[in-house]
Amino acid sequence: MSDSNLGIPTEINAIGQPCPMPLLMLKRGLKKADQHQVFLLKSSDPHSEIDVIRYCQLHQLKCQLTRISDHEFHYLIHS
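Quantities reported herein were computed from a predicted structural model and do not represent experimental measurements.

**What about the nonpolar core?**
Residues Ile12, Leu26, Leu41, Val52, Tyr75 and Ile77 are the most contacted members of the largest nonpolar core, which totals 14 residues. Secondary structure elements with two or more residues in this core: β1 (10-14), α1 (21-31), β2 (39-43), α2 (48-58) and β4 (72-78). Beyond its immediate chain neighbours, meaning those up to four positions away, Leu41 contacts Ile12, Ala14, Pro22, Leu26, Val52, Phe73, His74, Tyr75 and Ile77.

Below you can see the structure in the form of structure tokens.
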């Protein structure tokens with residue numbers, strides 16, 4: 001699959017949500033997802049980095065973290 005097939009990511013906005021809500025919101029999105037759907041998870045919780053990256057590793061998902069600021073983290077997630 002090429003990057004052009006990944007399409008526009010589905011945004012999951014978890015800004016302002018405490019842990020573990022960003023991960024729970026991602027899990028809900030993944031449960032309803034199409035096979036090659038891409039997600040952009042936005043979080044303000046610094047603990048989300050550990051939770052989201054570990055979850056993606058365990059489920060063989062690709063996860064790219066971008067730190068927008070000290071209080072905003074974006075995760076691009078796909079299979």
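**Describing the pattern of salt bridges**
Summed over all chains, the structure comprises two salt bridges. Close ionic contact of Glu11 with Lys42 constitutes a salt bridge, the shortest N to O distance being 3.4 Å. One end of the pair, Glu11, is in strand β1; the other, Lys42, is in strand β2, and 31 residues separate them in sequence. Its relative accessible area of 44% is what places Glu11 among the partly exposed residues.

**Focus: the sheet that holds β4**
With mixed pairing, four strands are arranged side by side in an open sheet as β1-β2-β4-β3. Only two strands of the sheet have a single partner each, and these edge strands are β1 and β3 (62-69). Neighbour-to-neighbour, the strand axes of the sheet open up by a mean angle of 20°, direction not taken into account. Pairing of β2 with β4, which is carried by five bridges, proceeds in the antiparallel orientation. Along β4, the bridge assignment pairs Ser43 with Phe73.

The rules behind these values
Residues numbered from 1 in each chain as written. Predicted model: local features only at pLDDT ≥ 70, side-chain atom pairs only at ≥ 80, totals over all residues. Heavy atoms only, no water. Core = buried A, V, L, I, M, F, W, Y, C linked by side-chain atoms within 4.5 Å. Buried < 20%, exposed > 50% of the residue type's maximum accessible area, 1.4 Å probe, protein only. Helix = DSSP H or I, 4+ residues; strand = E, 2+ residues; numbered from the N terminus. Contact = heavy atoms within 4.5 Å. Salt bridge = Lys/Arg side-chain N within 4 Å of Asp/Glu carboxyl O. Pairing = 2+ DSSP bridges. Axes fitted to C-alpha atoms, helices over the stretch in contact; angles between N-to-C directions.

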